[in-house]
Amino acid sequence: MLEQVIEVILPVLISAAELIGIFVVTVSVARAFWHYLLMLVGVKGKHYAVKFELANGMATGLEFKMAAEILKTVQVRNLNELAVLGAIILLRALLSFMIHIEMKNGPEEENPTPAEAEKK
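Here the structure is a predicted model, which is why all the values come from computation and not from measurement.

Engineer: Before we move on, can you summarise the overall build of the protein with the specific residues and values?
Structural biologist: Regarding its fold elements, the protein presents 5 helices and 0 strands. Counting from the amino terminus, the protein carries its helices and strands in the arrangement α-α-α-α-α. Classification of the 120 residues of the protein by burial places 24% in the buried group. Once local pairs closer than 6 in sequence are excluded, the contacts in the protein between residues at least 24 apart make up 74%. Roughly 8,700 Å² of accessible area belongs to the protein as shown, and the carbon and sulfur atoms make up 69% of that amount.

Following this line, the structure appears as C-alpha coordinates:
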(Lines give C-alpha, C1' and ligand atoms only; values in the text may rest on other atoms or scores of the structure.)
Protein backbone atom coordinates (compact mmCIF):
# COMPACT_ATOMS: atom_id res chain seq x y z
CA MET A 1 0.00 0.00 0.00
CA LEU A 2 2.66 2.52 1.06
CA GLU A 3 4.88 1.49 -1.84
CA GLN A 4 2.06 2.20 -4.31
CA VAL A 5 1.47 5.64 -2.79
CA ILE A 6 5.18 6.41 -3.06
CA GLU A 7 5.24 5.25 -6.70
CA VAL A 8 2.41 7.66 -7.50
CA ILE A 9 3.48 10.71 -5.45
CA LEU A 10 7.28 10.57 -5.81
CA PRO A 11 7.50 11.38 -9.55
CA VAL A 12 5.25 14.40 -8.99
CA LEU A 13 7.44 15.63 -6.11
CA ILE A 14 10.62 15.09 -8.14
CA SER A 15 9.20 16.95 -11.13
CA ALA A 16 7.99 19.79 -8.89
CA ALA A 17 11.42 20.18 -7.25
CA GLU A 18 13.14 20.20 -10.63
CA LEU A 19 10.68 22.73 -12.06
CA ILE A 20 11.15 24.97 -9.03
CA GLY A 21 14.93 24.77 -9.52
CA ILE A 22 14.58 25.68 -13.19
CA PHE A 23 12.23 28.55 -12.32
CA VAL A 24 14.60 29.93 -9.66
CA VAL A 25 17.58 29.87 -12.03
CA THR A 26 15.56 31.42 -14.87
CA VAL A 27 14.20 34.24 -12.70
CA SER A 28 17.61 34.96 -11.16
CA VAL A 29 19.26 35.07 -14.60
CA ALA A 30 16.59 37.44 -15.91
CA ARG A 31 16.80 39.63 -12.82
CA ALA A 32 20.60 39.76 -12.84
CA PHE A 33 20.58 40.60 -16.55
CA TRP A 34 18.05 43.38 -15.95
CA HIS A 35 20.20 44.84 -13.18
CA TYR A 36 23.25 44.53 -15.42
CA LEU A 37 21.46 46.49 -18.14
CA LEU A 38 20.47 49.16 -15.62
CA MET A 39 24.10 49.49 -14.57
CA LEU A 40 25.23 49.68 -18.21
CA VAL A 41 22.78 52.46 -18.93
CA GLY A 42 24.04 54.22 -15.83
CA VAL A 43 20.91 54.64 -13.74
CA LYS A 44 22.10 57.01 -11.03
CA GLY A 45 21.92 55.91 -7.44
CA LYS A 46 21.56 52.26 -8.36
CA HIS A 47 24.32 49.79 -7.60
CA TYR A 48 23.73 46.07 -7.91
CA ALA A 49 26.02 43.18 -7.09
CA VAL A 50 25.07 41.39 -10.29
CA LYS A 51 27.64 38.64 -9.96
CA PHE A 52 26.58 37.88 -6.40
CA GLU A 53 22.89 38.02 -7.30
CA LEU A 54 23.35 35.58 -10.17
CA ALA A 55 25.51 33.19 -8.12
CA ASN A 56 22.98 33.24 -5.29
CA GLY A 57 20.13 32.37 -7.65
CA MET A 58 22.13 29.61 -9.29
CA ALA A 59 23.05 28.12 -5.92
CA THR A 60 19.45 28.19 -4.75
CA GLY A 61 18.20 26.60 -7.97
CA LEU A 62 20.90 23.96 -7.74
CA GLU A 63 19.78 23.09 -4.21
CA PHE A 64 16.28 22.35 -5.52
CA LYS A 65 17.74 20.22 -8.31
CA MET A 66 19.85 18.31 -5.76
CA ALA A 67 16.74 17.75 -3.63
CA ALA A 68 15.08 16.16 -6.66
CA GLU A 69 18.09 13.90 -7.16
CA ILE A 70 17.99 12.83 -3.51
CA LEU A 71 14.30 11.99 -3.89
CA LYS A 72 15.20 9.89 -6.92
CA THR A 73 17.32 7.63 -4.71
CA VAL A 74 14.07 6.13 -3.41
CA GLN A 75 13.28 4.89 -6.94
CA VAL A 76 16.66 3.26 -7.56
CA ARG A 77 16.22 -0.36 -8.66
CA ASN A 78 19.79 -1.48 -9.38
CA LEU A 79 23.42 -0.60 -8.72
CA ASN A 80 23.99 1.05 -12.12
CA GLU A 81 21.19 3.56 -11.47
CA LEU A 82 22.65 4.27 -8.05
CA ALA A 83 26.11 4.91 -9.53
CA VAL A 84 24.73 7.36 -12.11
CA LEU A 85 22.61 9.09 -9.49
CA GLY A 86 25.59 9.32 -7.13
CA ALA A 87 27.72 10.86 -9.86
CA ILE A 88 25.04 13.45 -10.64
CA ILE A 89 24.67 14.35 -6.96
CA LEU A 90 28.45 14.60 -6.60
CA LEU A 91 28.76 16.90 -9.63
CA ARG A 92 25.92 19.13 -8.44
CA ALA A 93 27.39 19.29 -4.95
CA LEU A 94 30.76 20.29 -6.44
CA LEU A 95 29.07 22.97 -8.54
CA SER A 96 27.22 24.23 -5.48
CA PHE A 97 30.46 24.35 -3.50
CA MET A 98 32.22 26.29 -6.27
CA ILE A 99 29.33 28.77 -6.50
CA HIS A 100 29.39 29.31 -2.73
CA ILE A 101 33.13 30.01 -2.88
CA GLU A 102 32.48 32.49 -5.69
CA MET A 103 29.74 34.13 -3.62
CA LYS A 104 32.17 34.73 -0.73
CA ASN A 105 34.21 36.92 -3.05
CA GLY A 106 31.14 38.42 -4.75
CA PRO A 107 30.14 41.84 -3.42
CA GLU A 108 33.66 42.88 -2.42
CA GLU A 109 34.91 42.53 -6.00
CA GLU A 110 32.19 44.77 -7.44
CA ASN A 111 32.88 48.44 -8.08
CA PRO A 112 32.49 50.31 -4.81
CA THR A 113 30.01 53.12 -4.41
CA PRO A 114 31.50 56.60 -3.93
CA ALA A 115 30.81 56.41 -0.17
CA GLU A 116 32.64 53.07 0.08
CA ALA A 117 35.57 54.43 -1.97
CA GLU A 118 35.97 57.34 0.45
CA LYS A 119 36.19 55.00 3.44
CA LYS A 120 39.21 53.26 1.90
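Now, onward.
Engineer: Which residues make up the confidence of the model for the protein, and what values do they have?
Structural biologist: A residue-level look at the protein finds 87% of positions with pLDDT of 70 or above and a mean pLDDT of 84. Here helix α5 (residues 114-119) stands out as the element of the protein with the lowest mean pLDDT, 49, in contrast to helix α1 (residues 2-41), whose mean of 92 is the highest. Confidence over residues 113-117 falls short of pLDDT 50; this stretch has 2 contacts with residues more than four positions distant or in other chains.

Engineer: Tell me about the packing of helix α2 (residues 50-72) against helix α3 (residues 79-104), residues and numbers included.
Structural biologist: Relative orientation of the contacting elements α2 and α3 amounts to 160°, with a least axis distance of 9 Å. Classified by the angle between their axes, α2 and α3 sit roughly antiparallel to one another. In this structure, α2 meets α3 at a crossing whose hand is left-handed. Considering only residue class, the contact of α2 with α3 consists of 14 nonpolar, 3 polar and 7 charged.

Engineer: If you had to explain the side chain of S96 to someone new, which residues and values would you point to?
Structural biologist: Tracing the chain through its elements places S96 in helix α3. Exposure remark for S96: the relative accessible area of 5% places this residue in the buried category. Non-local contacts of S96, meaning those with residues more than four positions away in its chain, are made with L62, E63 and M66.

Engineer: Residues and numbers for the environment of T26, please.
Structural biologist: Locating T26 in the fold gives a position in helix α1. Taking relative accessible area as the criterion, T26 reaches 47% and is therefore assigned partly exposed. Separated by 31 residues in sequence, T26 and G57 have C-alpha atoms that sit 8.6 Å apart.

Engineer: Go over a nonpolar patch on the surface with me, naming the residues and quoting the values.
Structural biologist: On the surface, M1, L2, V5, I6, V8, I9, L13 and V74 cluster together to form a nonpolar patch covering roughly 780 Å² of accessible area. On the secondary structure map, L2 appears in helix α1. Residue classification places L2 among the exposed residues on the basis of a relative accessible area of 60%.

Engineer: Outline the packing of α1 against α2, supporting the account with residue identities and numerical values.
Structural biologist: Packed helix pairs are characterised by how far apart their axes lie and by the angle those axes make with each other. Closest axis-to-axis distance for the α1/α2 pair is 8 Å, and the angle between their directions is 175°. Classified by the angle their axes make, α1 and α2 are roughly antiparallel. Across the contact of α1 with α2, the residue classes tally to 18 nonpolar, 6 polar and 6 charged.

Criteria and cut-off values
Residues numbered from 1 in each chain as written. Predicted model: local features only at pLDDT ≥ 70, side-chain atom pairs only at ≥ 80, totals over all residues. Heavy atoms only, no water. Helix = DSSP H or I, 4+ residues; strand = E, 2+ residues; numbered from the N terminus. Buried < 20%, exposed > 50% of the residue type's maximum accessible area, 1.4 Å probe, protein only. Contact = heavy atoms within 4.5 Å. Areas by Shrake-Rupley, 256 points an atom, 1.4 Å probe, with all protein chains shown as cover. pLDDT = per-residue confidence, 0-100. Axes fitted to C-alpha atoms, helices over the stretch in contact; angles between N-to-C directions. Parallel < 35°, antiparallel > 145°, perpendicular 65-115°, else oblique. Left-handed = near helix turned anticlockwise from the far one by under 90°. Nonpolar A, V, L, I, M, F, W, Y, C, P; charged D, E, K, R; others polar. Patch = residues over 30% accessible without salt bridge, like charges linked within 9 Å, V, L, I, M, F, W, Y side chains within 5 Å. Salt bridge = Lys/Arg side-chain N within 4 Å of Asp/Glu carboxyl O.

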